[in-house]
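Now for the letters of each chain:
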Amino acid sequence: MNDEHIRERFETLILPLMNDAYNLARWLMRNSQDAEDMVQESYFRAFKFFGSFREGTNARAWLLRIVRNTCYTALAGEERKGREVPLEEEANEIQDASPLPPVILTRKATIEAVRAAIAELDTDFREAIVLRELEGLSYKEISEVTEVPIGTVMSRLSRGRDQLALLLSARKKSDQL
Amino acid sequence: MNCQECRDYIDPYFDSELGTADAIRVRQHLRDCPECRERLQSREALRGLLGDPQLKYEIPGTLREKLASRFRPPATSLRKRFERKYTARWLFIPMALAAGITLLFGLVFLNKNGRFEHLNAPSLVDEVVADHVRSMLATHLLDVPSTDQHTVKPWFDGKLKFAPPVQDFADHGFRLIGGRLDYLNGQEVAAVVYQKNKHIINLFLWPAESNGNGSPRSFSRNGYNIIHWNHDGFDWWAVSDVSAADLAAFAGLQRQ
């Protein structure tokens, strides 16, 4: 594969997945600035490794695995430095045009409450839920991205959903949902 | 299958990741076990909340641009690709222009004849279904809970720019249970809510752009039936998990 050909394939297969990459990074890093850095870093890495990308490989799982590894490497480094990862105020993230009818406000509130509940999940559960429910990945793909057996994916999803249902029903009781 | 086994299998079952034989065993157990059924229902409710596409974080436009310009092949190579493909450019361009113009006229013609309505419709159908599902979950189904059409109708009058017709059809099995303001198709709309046995029907309506009197069109999405018609100066959309026949009967009553 010559350089131009690699670029073309990268453009068709990997570049369109930017949004998925950002979404995963945003959920793992839990703030947008770090997520942006991770996506850039991941794309540079992906481009570097792309020569070894084999025909027939699932491009999304391949890229998301790189994103995940990039995020975890950064998070591990931060832990060593003992830096607190700042959590962002979710409210600023949903852009909208005002004025909004009441039902849209309700929807916005619901989205924020659900996002906050997902953010509270343990990391293993959070990434499984995000990959399954927000990215629509199959168990096999999740197992590729997170590098654990399918059985583990299954039990993480199951326990993650239990945990999330609890968090959401607690919010419902306190009228945030 | 016992409940413990079913608990282990319920998520792969729910995610359609289970082999046929196991899926059948789970289904059999679910039929006999209300507790496990409840567990499945809570999974469905959860997915309803997680299904909102806005939950996903959107990549900031600046970063998108940055990555695109960094990794997209330079323009010269694009031109080279183009030239490789179409060496006879002097012939290709007028041909493409001619084809484009023909296509454009064709599209305008088809659109005039309403041929594309079914192509435009699905996104609105999906929006209608999403609104229905959302109304059934956590948020709120009713702003004005009332079985009295003389309460529901005036309630809308103060809140919308139009006065939606509200009728009760309890004697036909479709009981009016209230109304709600909703947002569909880029505007505020009236949602009139009915109940048939245990099933909820959301009836969305707003002033029609054209004053046609088209016959109803039916759709189905993920187990929901949808029916749309245009009548009395309004666009009407009914959505529910009742059978298509029941929904058609309901539409028939509304159209009288």
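Now for a look at the structure at hand. Bear in mind that the values here come from a model prediction, so they are computed numbers and not experimental data.

Basis of the calculations
- Think of each chain on its own: its residues are numbered from 1, step by step along the sequence as written.
- Naming scheme: in the order in which they are written, chains are lettered from A and ligands are numbered from 1.
- This being a predicted model, a pLDDT of at least 70 is required before a residue's local features are given, and a value of 80 or more before pairs of side-chain atoms are given or counted; all residues contribute to the totals for chains, interfaces and linings.
- A run of H or I in DSSP counts as a helix once it spans at least four residues, and a run of E counts as a strand once it spans at least two, with each numbered from the N terminus.
- Here exposure depends only on C-beta density: within 10 Å of a residue's C-beta, 20 or more other C-beta atoms make it buried, 12 or fewer make it exposed, and intermediate numbers make it partly exposed, the C-beta atoms being placed from the backbone.
- Distance between backbone-placed C-beta atoms decides contact: two residues are in contact if it is within 7 Å.
- Strand pairing is assigned whenever DSSP identifies at least 2 bridges connecting the two strands.
- Each axis is a line fitted through C-alpha atoms, taken for helices only over the stretch in contact, and angles between the N-to-C directions span 0 to 180 degrees.
- A set of buried Ala, Val, Leu, Ile, Met, Phe, Trp, Tyr and Cys residues, joined to one another through C-beta atoms within 7 Å, is what we call a nonpolar core.
- Domain limits in this description derive from either an automatic procedure or a database domain assignment.
- Residues were grouped as follows: Ala, Val, Leu, Ile, Met, Phe, Trp, Tyr, Cys and Pro as nonpolar; Asp, Glu, Lys and Arg as charged; and all remaining residues, including Gly, as polar.

Quick look at the overall build of chain B
Per the secondary structure count, chain B includes nine helices and seven strands. Burial statistics for chain B: of 256 residues in total, 26% are counted as buried. Across chain B, every contact between residues at least 6 apart in sequence was considered, and the portion connecting residues at least 24 apart equals 51%.

Digging into the sheet that holds strand S6 (residues 224-231) of chain B
Residue and element names in this part refer to chain B. One open sheet accounts for seven strands, arranged S1-S2-S3-S4-S7-S6-S5; its pairing is antiparallel. Each of the sheet's edge strands pairs with one partner strand only, and the pair in question is strand S1 (144-145) and strand S5 (217-221). Bridge count between S1 and strand S2 (residues 175-184): two bridges; the pairing is antiparallel. When the sheet's bridge partners are listed, Val-144 is paired in S2 with Gly-179. The sheet contacts of helix H8 (residues 149-157) involve S1, S2 and strand S3 (187-196), and relative to S2 the element is tilted by about 15 degrees. Against the sheet, helix H9 (residues 244-255) makes contact with S3, strand S4 (199-207), S5, S6 and strand S7 (234-240), and its axis sits at roughly 20 degrees relative to S6, the strand it touches most.

Let's talk about the nonpolar core
In terms of nonpolar packing, the biggest core is built from 46 residues, with Ala21(A), Leu24(A), Ala25(A), Leu63(A), Val67(A) and Ile129(A) touching the most fellow members. Listed by contribution, the elements that provide at least two residues to this core are helix H2 (18-29), helix H3 (32-49), helix H4 (59-81), helix H5 (102-120), helix H6 (123-134), helix H7 (139-146) and helix H8 (150-173) of chain A together with helix H3 (34-50) of chain B. When residues in this core are grouped by element, the largest group, seven residues, is from H2(A). When residues of this core are assigned to domains, at least three map to each of domain 1 (1-88) and domain 2 (91-177) of chain A. Residue contacts for Leu63(A): discarding those within four places in its chain leaves Ile14(A), Leu17(A), Ala21(A) and Ala46(A). Counting residues in hydrophobic clusters, the runner-up holds 35 residues, among them Val129(B), Leu176(B), Ile227(B) and Trp236(B).

Some words on unusual backbone geometry
Not every positive phi belongs to a glycine, and Glu147(A) is a case in point at roughly 55 degrees. Along the chain, the position of Glu147(A) falls in the loop between H7 and H8. In this structure Glu147(A) comes out as exposed when scored by C-beta crowding, with 10 C-beta atoms within 10 Å. We note that Ser16(B) has phi near 55 degrees; this positive angle belongs to a residue other than glycine. Here Ser16(B) is to be found in the loop between helix H1 (3-14) and helix H2 (20-32). Of the residues examined, Ser16(B) has 9 C-beta atoms within 10 Å and is grouped as exposed.

With respect to the interface of chain A and chain B
Interfaces are frequently sized by the accessible area removed from exposure as the parts join. Between chain A and chain B, the contact holds 37 residues from the first and 33 residues from the second. Sorting the residues of the side of chain A that touches chain B by element identifies helix H1 (3-13), H2, H3, H5, H6 and H8 of chain A as the ones contributing at least two each. Here the side of chain A that touches chain B is composed, by residue class, of 22 nonpolar, five polar and 10 charged.

Digging into H7(A)
Each α-helix turn comprises 3.6 residues. Residues three or four places apart therefore point the same way. Residue and element names in this part refer to chain A. Summarising burial for H7: seven of the eight residues are buried, a large majority. Considered for burial, the residues of H7 that qualify are Tyr-139, Glu-141, Ile-142, Ser-143, Glu-144, Val-145 and Thr-146. Looking one or two residues beyond H7, the residue adopting positive phi is Glu-147, at roughly 55 degrees.

Side note on the environment of Ala21(A)
All names here are of chain A. Here Ala-21 lies in helix H2. Taking the C-alpha atoms as reference, Ala-21 lies 7.4 Å from Leu-63; in sequence the two are 42 residues apart. Setting aside residues up to four positions removed in sequence, Ala-21 forms contacts with Val-39, Ser-42, Leu-63, Leu-64 and Val-67.

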